[in-house]
Amino acid sequence: MRIMRYAWAGICIVLLLLVASDTYRSLTFPEAYPFGAENVSIIYRDLPTYVGANALLALWLVMGIALAFFIRHRRRGSLTLAHALITLGMLLVSALPE
């Protein structure tokens, strides 16, 4: 169970770095993103909405890191597994075509 927690924390750190780099890129090069375009996700409505969604995703990933490393609870493994499954579900739903 310890190896699973450390692996999940590593995955969350990598995803957090991806979210941070994407947020930085959207702030420095907003013309590369389809903000305000028709028939795209509501997240791309405008730049503040996109940055807010990325901030919520970053908080979710920080919660996964905290669950894996810092929380001392007898059900820590179950909570980490639930976080991993919810995150996997979010990634699969976001990959579906609209």
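Here, every reference points to the structure presented above.
Read on for a plain summary of the structure. (Residues numbered from 1 in each chain as written. Predicted model: local features only at pLDDT ≥ 70, side-chain atom pairs only at ≥ 80, totals over all residues. Heavy atoms only, no water.)

So, the layout of surface pockets
For step 1, the next point in the chain: Counted as a void, the largest pocket has a volume near 690 Å³.
For step 2, the next point in the chain: Considering the residues around the largest pocket, the lining is formed by 20 residues, among which Ile43, Asn54, Leu57, Leu91 and Ser94 are closest to the centre.
For step 3, the next point in the chain: Looking at side-chain class alone, the lining of the largest pocket contains 14 nonpolar, 4 polar and 2 charged residues. (1 Å grid on protein atoms, 1.4 Å probe; cavity = no way out; pocket = protein on both sides within 12 Å on 5 of 7 lines; lining within 4 Å. Points joined across faces, edges and corners; volume = space filled by probe spheres on them. Nonpolar A, V, L, I, M, F, W, Y, C, P; charged D, E, K, R; others polar.)

Some remarks on the environment of His83
For step 1, the next point in the chain: Checked against the element boundaries, His83 lands in helix H3 (residues 76-95).
For step 2, the next point in the chain: Placed 19 residues apart in sequence, His83 and Gly64 show a C-alpha to C-alpha distance of 6.5 Å.
For step 3, the next point in the chain: Those residues in contact with His83 that lie beyond four places of it in its chain are Trp8, Cys12, Trp60, Met63, Gly64 and Leu67.
For step 4, the next point in the chain: Side-chain polar atoms of His83 contact the backbone nitrogen of Gly64, separated by 3.5 Å. (Helix = DSSP H or I, 4+ residues; strand = E, 2+ residues; numbered from the N terminus. Contact = heavy atoms within 4.5 Å. Polar contact = N/O pair within 3.5 Å; in protein donor to acceptor, adjacent residues only side chain to side chain.)

Brief notes about the nonpolar core
For step 1, the next point in the chain: Counting 7 residues, the largest nonpolar core consists of Trp8, Cys12, Val19, Ala58, Leu61, Ile65 and Ala84.
For step 2, the next point in the chain: Listing elements by their share of this core, those giving two or more residues are helix H1 (2-28) and helix H2 (47-69).
For step 3, the next point in the chain: If we ignore the near neighbours within four places in the chain, the residues touching Cys12 are Leu61, Gly64, Ile65 and His83. (Core = buried A, V, L, I, M, F, W, Y, C linked by side-chain atoms within 4.5 Å. Buried < 20%, exposed > 50% of the residue type's maximum accessible area, 1.4 Å probe, protein only.)

Quick notes on the environment of Pro30
For step 1, the next point in the chain: Along the chain, Pro30 falls in the loop between H1 and H2.
For step 2, the next point in the chain: Setting aside residues up to four positions removed in sequence, Pro30 forms contacts with Arg25 and Phe35.

Side note on the packing of H1 against H2
For step 1, the next point in the chain: One way to put it is that H1 packs onto H2 with a least axis distance of 9 Å and a crossing angle of 160 degrees. Of the possible angle classes, the one that applies to H1 and H2 is roughly antiparallel. Judged by the twist between their axes, the crossing of H1 over H2 is left-handed.
For step 2, the next point in the chain: Its residues assigned to classes, the contact of H1 with H2 comprises 19 nonpolar, 4 polar and 2 charged. (Axes fitted to C-alpha atoms, helices over the stretch in contact; angles between N-to-C directions. Parallel < 35°, antiparallel > 145°, perpendicular 65-115°, else oblique. Left-handed = near helix turned anticlockwise from the far one by under 90°.)

Section: the side chain of Thr80
For step 1, the next point in the chain: Residue position: Thr80 is located in helix H3.
For step 2, the next point in the chain: With residues near it in sequence (within four places) discarded, Thr80 still touches Met4, Arg5, Trp8, Leu67 and Ala68.

Things to note about H1
For step 1, the next point in the chain: With 27 residues, H1 should cover 39 Å at 1.5 Å per step; its first-to-last C-alpha distance of 39 Å lies within 8% of that length.
For step 2, the next point in the chain: Buried residues of H1: Arg5, Trp8, Ala9, Cys12, Val19, Thr23 and Ser26, and no others. (Expected span 1.5 Å × (residues − 1).)

Notes on H3
For step 1, the next point in the chain: Across its 20 residues, H3 extends 29 Å between first and last C-alpha, which sits within 8% of the 28 Å expected from 1.5 Å per residue.
For step 2, the next point in the chain: Among the residues making up H3, those that are buried are Arg76, Gly77, Thr80, His83, Ala84 and Thr87. The arc that holds the buried residues of H3, viewed along the axis, is 125 degrees, so those residues lie on one side. Every exposed residue of H3 that faces more than 90 degrees away from the buried side is listed here: Leu85, Leu92 and Val93.
For step 3, the next point in the chain: In this structure, the buried residues of H3 make contact with H1 and H2. (Arc of directions from axis to C-beta.)

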